[in-house]
Amino acid sequence: MKKRIILLSVSSIVFILASIVMLGFTYGWWVSLVNYPDNEISVGDLRYTPSGGFITGGASYVYLPGEELIDSTITIDNASPIDSQLRVKIEYTKWTFDVTLQSETVVYTASASDHIYVGLDANLQLVGDYYYYGGDSNVLSPDSGLMTLITSLYYDGSVTTFDYAGQEVTVTITIEVKQGGDLTWSDLIGYDFSTGYPE
């Protein structure tokens, strides 16, 4: 009888401890803790450190066509322990006059109709609306290091006309990443420039 009580007690204690452990994992009480260095962004197992960006804009800033909008080169340092892919999308405000003055948000594709110039790294290849690093099927190896993306960006004074006088402009750069072979892209970081009244 004593053995049965001891066996029942031990079984109960093991069952209770196993239940507590299961509850802990279910509710996230116990998780692995990973510390990332300053400015490093993690998307799942992907780890990138972005740097660079736009000059300071804002409603009071007066922008002139041809004036550089990139304060320092936009780069990404890949410290991911797994294969990954990276792509960039650039959108901007385009003003045109066709009976009335109209604005639209346009994706930059380096075409003759674009009103901005973007200095892109030669490794960025256009497929659809995105610039893929090394092409849309290229996979970046783990810990591939520093990658230059954009060195320059400005509204081209040879195509921007007086239609831009007194109008607001916005430029957005979105960088997306995914695991190599994975189907889902995730936003890594977005850079935005906006100004009130360019002349």
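Data block above holds the structure.
Residues numbered from 1 in each chain as written. Predicted model: local features only at pLDDT ≥ 70, side-chain atom pairs only at ≥ 80, totals over all residues. Heavy atoms only, no water.

Draft legend 1. Local environment of the overall build of the chain. Helix and strand content of the chain: one helix and eleven strands. Ordered by position from N to C terminus, the α and β elements of the chain give α-β-β-β-β-β-β-β-β-β-β-β. Pairs at least 24 apart in sequence give 66% of the contacts found in the chain among residues at least 6 apart. In the form shown here, the chain has an accessible surface area of approximately 11,500 Å², with 56% of it arising from carbon and sulfur atoms. (Helix = DSSP H or I, 4+ residues; strand = E, 2+ residues; numbered from the N terminus. Contact = heavy atoms within 4.5 Å. Areas by Shrake-Rupley, 256 points an atom, 1.4 Å probe, with all protein chains shown as cover.)

Draft legend 2. Geometry of the pairing of strand β3 (residues 70-78). Where strand β2 (residues 46-54) meets β3, six bridges bridge the pair, whose relative direction is antiparallel. Residue glycine 53 lies in a different strand from β3, and its bridge partner there is serine 72. As paired strands, β3 and strand β9 (residues 145-155) are joined by five bridges and run antiparallel to one another. Each bridged residue has a counterpart across the sheet, and for asparagine 78 the counterpart in β9 is glycine 145. (Pairing = 2+ DSSP bridges.)

Draft legend 3. Representation of the environment of glutamate 91 within the structure. Mapped onto the elements, glutamate 91 comes out in strand β4 (residues 84-98). Relative accessible area serves as the criterion here: at 25%, glutamate 91 is assigned to the partly exposed category. Taking C-alpha positions, glutamate 91 is 5.8 Å from tyrosine 108, a pair spaced 17 residues apart along the chain. Excluding its chain neighbours within four sequence positions, the residues that come into contact with glutamate 91 are Thr105, Val106, Val107, Thr170, Val171 and Thr172. (Buried < 20%, exposed > 50% of the residue type's maximum accessible area, 1.4 Å probe, protein only.)

Draft legend 4. Geometry of the pattern of salt bridges. Applying the stated criterion across every chain yields a total of one salt bridge. A salt bridge links arginine 87 to glutamate 176; the shortest N-O distance between them is 2.7 Å. Of the two residues, arginine 87 sits in strand β4 while glutamate 176 sits in strand β10 (residues 169-179), which places them 89 residues apart along the sequence. Of the two residues examined, arginine 87 and glutamate 176, each falls in the buried class. (Salt bridge = Lys/Arg side-chain N within 4 Å of Asp/Glu carboxyl O.)

Draft legend 5. Up close: unusual backbone geometry. Phi at valine 99 is positive, roughly 75°, even though this residue is not glycine. The residue valine 99 is located in the loop between β4 and β5 (100-107) in this model.

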